[in-house]
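Each chain, letter by letter, is given below.
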Amino acid sequence: MMSAGANQIEIRNVSKEFEGRSGTTVALQNVSFDVASNEFVCVVGPSGCGKSTILNIIAGLTEPSSGTVKVGGKEISGPGKERGVVFQQYALFPWKTVVENVEFGLKFQEIPKGERRQIAEKYLELVGLKDFRDAYPKELSGGMKQRVAIARAYAVNPEVLLMDEPFGALDAQTRVQLQENLLTTWENERKTCFFITHDVEEAVFLAQRIVIMSARPGRLKEIIEVNLPYPRVQELKLTKEFTELKNRLWAMVYKEYLANPK
Ligand SMILES: Nc1ncnc2c1ncn2[C@@H]1O[C@H](COP(=O)(O)OP(=O)(O)OP(=O)(O)O)[C@@H](O)[C@H]1O
């Protein structure tokens, strides 16, 4: 067991180059930072700055070209069940119902069948899909499918949640609701959250610290602290403190965008 506040994720001098038809792309250059146990960290930066690459490396889905990543003090060598990942578009099993999709990850955890169903239903309720438990993915809207994927990640109860723009494709109301749900889950279940977003408002609303990446090649530009109290509710977005921080962050990200416009 790690003590609270110890480093859950340690990223040291991580670089990543991709070889492609148009030559070598340096996606990440010498990136180092830590995420403490139970911390909520967001990553923002211009398109193509390596945000997904760093998340995929922490998830164990991509190997760094150099540098090391440790999770819970151990160097990672692939995906692990202590890390749950939610992507922007998550594929569900089309032949399984909503509740079966959410239950799926629990099969590998030696949890009795009846209990698996209970856990799945608890998280379906959290994402507002209890009434759709027996529907098939093809009967759901895009936003509803993504909520199933989120419930599936929560149900497995990983120590670390790695989320790559999970709310990016959702409508504004669902997004706001899922932001609040995520914070509740994080506070109640003491997870470590590593969350990528394009949306600076979302980053300020969720995070304790925000990592700002530079334009490609992605380097760590700055880390800012968000000293706003939890629990955070939507009204916070109307306060002066929130707006000031959001504007400051936006200016920093926009400066990076201008450095390498698309
Ligand atoms: N598998 C791959 N093969 C070749 N190049 C890749 C691969 N994955 C990523 N890249 C390149 O690495 C760079 C960083 O990509 P990445 O997806 O990490 O950026 P990002 O910050 O997540 O972008 P966005 O915000 O647009 O999603 C980009 O230039 C991209 O083209």
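Residues numbered from 1 in each chain as written. Predicted model: local features only at pLDDT ≥ 70, side-chain atom pairs only at ≥ 80, totals over all residues.

Caption draft 1: Quick peek at the overall build of the chain. Secondary structure assignment for the chain yields 7 helices and 10 strands. For the chain, the C-alpha radius of gyration of 18 Å lies close to 18 Å, the compact-globule estimate for 262 residues. Here the C-alpha coordinates of the chain stretch approximately 50 × 45 × 40 Å along the principal axes. Evaluated residue by residue, the chain yields a buried proportion of 40% over its 262 residues. In the chain, the proportion of contacts linking residues at least 24 apart, taken out of those at least 6 apart, comes to 71%. (Helix = DSSP H or I, 4+ residues; strand = E, 2+ residues; numbered from the N terminus. Rg over C-alpha atoms; globule rule 2.2 N^0.38 Å. Buried ≥ 20, exposed ≤ 12 C-beta atoms within 10 Å, placed from the backbone. Contact = placed C-beta atoms within 7 Å.)

Caption draft 2: Spatial organisation of the sheet that holds strand 4 (residues 66–71). Taken in spatial order, the 4 strands make up an open sheet running 2-1-4-5, and their pairing is antiparallel. Each of the sheet's edge strands pairs with one partner strand only, and the pair in question is strand 2 (23–36) and strand 5 (74–75). Here strand 1 (residues 7–20) pairs with strand 2 via 10 bridges, running antiparallel. Along strand 2, the bridge assignment pairs Gly-20 with Gly-23. (Pairing = 2+ DSSP bridges.)

Caption draft 3: Highlighting the environment of Glu-202. Topologically, Glu-202 is positioned in helix 6 (residues 200–206). On the basis of neighbour count, Glu-202 is assigned to the buried category, with 20 C-beta atoms found within 10 Å. Separated by 50 residues in the primary sequence, Glu-202 and Arg-152 have C-alpha atoms spaced 22 Å apart. Excluding residues within four positions of it along the chain, Glu-202 makes contact with Gln-179 and Thr-197.

Caption draft 4: Representation of the domain arrangement of the chain within the structure. Here the chain is partitioned into domain 1 (1–82 + 160–262) and domain 2 (90–157). The centre of domain 1, based on its C-alpha atoms, is set 25 Å off from the matching centre of domain 2. On the domain 2 side, the residues contacting the 12 residues of domain 1 number 11 residues. Residue contributions to the side of domain 1 that touches domain 2 peak at 6 residues, all from helix 5 (residues 172–189). (Domains from an automatic or database assignment.)

Caption draft 5: Representation of the environment of Glu-222. Mapping Glu-222 onto the fold places it in strand 10 (residues 220–225). In this structure the C-alpha to C-alpha distance between Glu-222 and Arg-248, which are 26 residues apart in sequence, comes to 12 Å. Discounting chain neighbours no more than four positions away, the residues touching Glu-222 are Ile-212 and Met-252.

Caption draft 6: How the structure looks around the sheet that holds strand 7 (residues 160–164). Here 6 strands make up an open sheet; going across it, the order is 6-7-8-3-9-10 and the pairing mixed. Of all the strands in the sheet, just strand 6 (83–86) and strand 10 have a single pairing partner and so form its edges. Strand-to-strand, the axes of this sheet are offset by a mean angle of 15 degrees, without reference to chain direction. (Axes fitted to C-alpha atoms, helices over the stretch in contact; angles between N-to-C directions.)

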